[in-house]
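Residue-level structural notes
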Amino acid sequence: MEEFEASESAKKTKTIYISTVFGIAMVLLMIGLLGLILVKANNLSRYVKENIVLNIFMDDAAHETDVLQFQKQLDGNPMVKQTQYVSKELAARNLQKDLGEDFVKFLGYNPLSQSLDVYLKADYANNAGIDKFKAELMKNPLVKEVKYQQSLVDQMNQNLKSIILVILAFAAIFVVLSVALINNTIRLAIYSQRFLIKSMQLVGATKGFIRKPFLLYGIWHGLLGGLIAVLILIGTLYLAYQQIPDLVILRNYTEFGIVFLGVIGIGVIMSAVSTFLAVNKFLRLKIYDLYR
């Protein structure tokens, strides 16, 4: 009979621990998904900003060699991500494609100017940064005019900022809820062991001795929960890339690694802290309080 009761108790304990691990994993999965959304939103913001083009129209008297030399200078500017030279002939071909007719043949000459398409780094892709860069460009005698869509840049930055703030607000709320859920899950698991904790205490075991195995289990459960969540996140990313191939342009393995390590770290830390607090609670309880 004693062996049967011990076997049933072991099965019950294993079931509780398994449900605890999966409960932690599901909460960490949601945290991880939110983290990936933040990473994707940040990468999308950077991608959009770095695709804003500044059209620098060169003076009609400027020689191509001088323009190419100026392009090299721009490539060395810390604000510039990349540049592209557009000759008069290339500009004419591009416009012919857009218009659907040969305007050069109609006019008898090519009225377009050679130009440079400049793409700034994301940190400088705002109206203040672009206006400062534009003022510097206009000091060069080779530059005739600099054009960009100012209203579009301003609206884009405002929209991206609002989206990221909303996501951060949801993230903060969800992290608080996640902490509460993991804490309650672990407290319920420790609650089932409250008589064992008190029995060890009554036979003279120190608090540190009693806490140690529970903390080790807590860390192990947090680690397992984090690994399960990461595996599901990897599978989710794989399916997302299969369904939406264009997401590849926003892929950043370093940031993904940080999110995955963060998920595992959060799982281990939250599980260890919750276990420590739960065990301490039952260590402080009187015997008659265990039945409440």
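Here we summarise the structure given alongside this text. (Residues numbered from 1 in each chain as written. Predicted model: local features only at pLDDT ≥ 70, side-chain atom pairs only at ≥ 80, totals over all residues. Heavy atoms only, no water.)

Reading across from one edge, β2-β3-β1-β4 is the order of the 4 strands in this open sheet, with antiparallel pairing throughout. Across the chains shown, the open sheet's two edge strands, defined by having one partner strand only, are β2 (80-86) and β4 (143-147). Taking the axes of each pair of neighbouring strands and ignoring which way they run, one obtains an average angle of 20° across the sheet. Note that strand β1 (residues 53-58) and strand β3 (residues 115-120) share 5 bridges and pair antiparallel. Its bridge partner lying in β3, F57 is registered against S115. Those strands touched by helix α2 (residues 64-75) are β1, β2, β3 and β4, and its axis lies near 165° from that of β2. With respect to the sheet, helix α5 (residues 127-138) is in contact with β1, β2, β3 and β4, its orientation differing from that of β4 by roughly 170°. (Pairing = 2+ DSSP bridges. Helix = DSSP H or I, 4+ residues; strand = E, 2+ residues; numbered from the N terminus. Axes fitted to C-alpha atoms, helices over the stretch in contact; angles between N-to-C directions. Contact = heavy atoms within 4.5 Å.)

Let us now look at the nonpolar core. Ranked by size, the top nonpolar core spans 31 residues in total, and within it I190, I197 and F260 carry the most contacts. Secondary-structure elements contributing two or more residues to this core are α1 (2-49), α6 (150-191), α7 (194-202), α8 (207-243) and α9 (253-284). A total of 10 residues in this core trace back to one element, the largest contributor, which is α9. The residues contacting I197, other than those within four sequence positions of it, are I190, I210, F214, V279, F282 and L283. Within the second largest apolar cluster, 25 residues are counted, among which are I52, L54, V80 and V118. (Core = buried A, V, L, I, M, F, W, Y, C linked by side-chain atoms within 4.5 Å. Buried < 20%, exposed > 50% of the residue type's maximum accessible area, 1.4 Å probe, protein only.)

Attention now moves to the layout of surface pockets. One number sums up the size of the largest pocket: a volume of about 210 Å³. In terms of lining, the largest pocket is formed by 11 residues, of which the most central are F57, V86, A91, L112 and S115. Elements with a minimum of two residues in the lining of the largest pocket: β1, α3 (88-99) and β3. With 4 residues, the top contributor of residues to the lining of the largest pocket is α3. The residue makeup of the lining of the largest pocket, split by class, is 5 nonpolar, 4 polar and 2 charged. (1 Å grid on protein atoms, 1.4 Å probe; cavity = no way out; pocket = protein on both sides within 12 Å on 5 of 7 lines; lining within 4 Å. Points joined across faces, edges and corners; volume = space filled by probe spheres on them. Nonpolar A, V, L, I, M, F, W, Y, C, P; charged D, E, K, R; others polar.)

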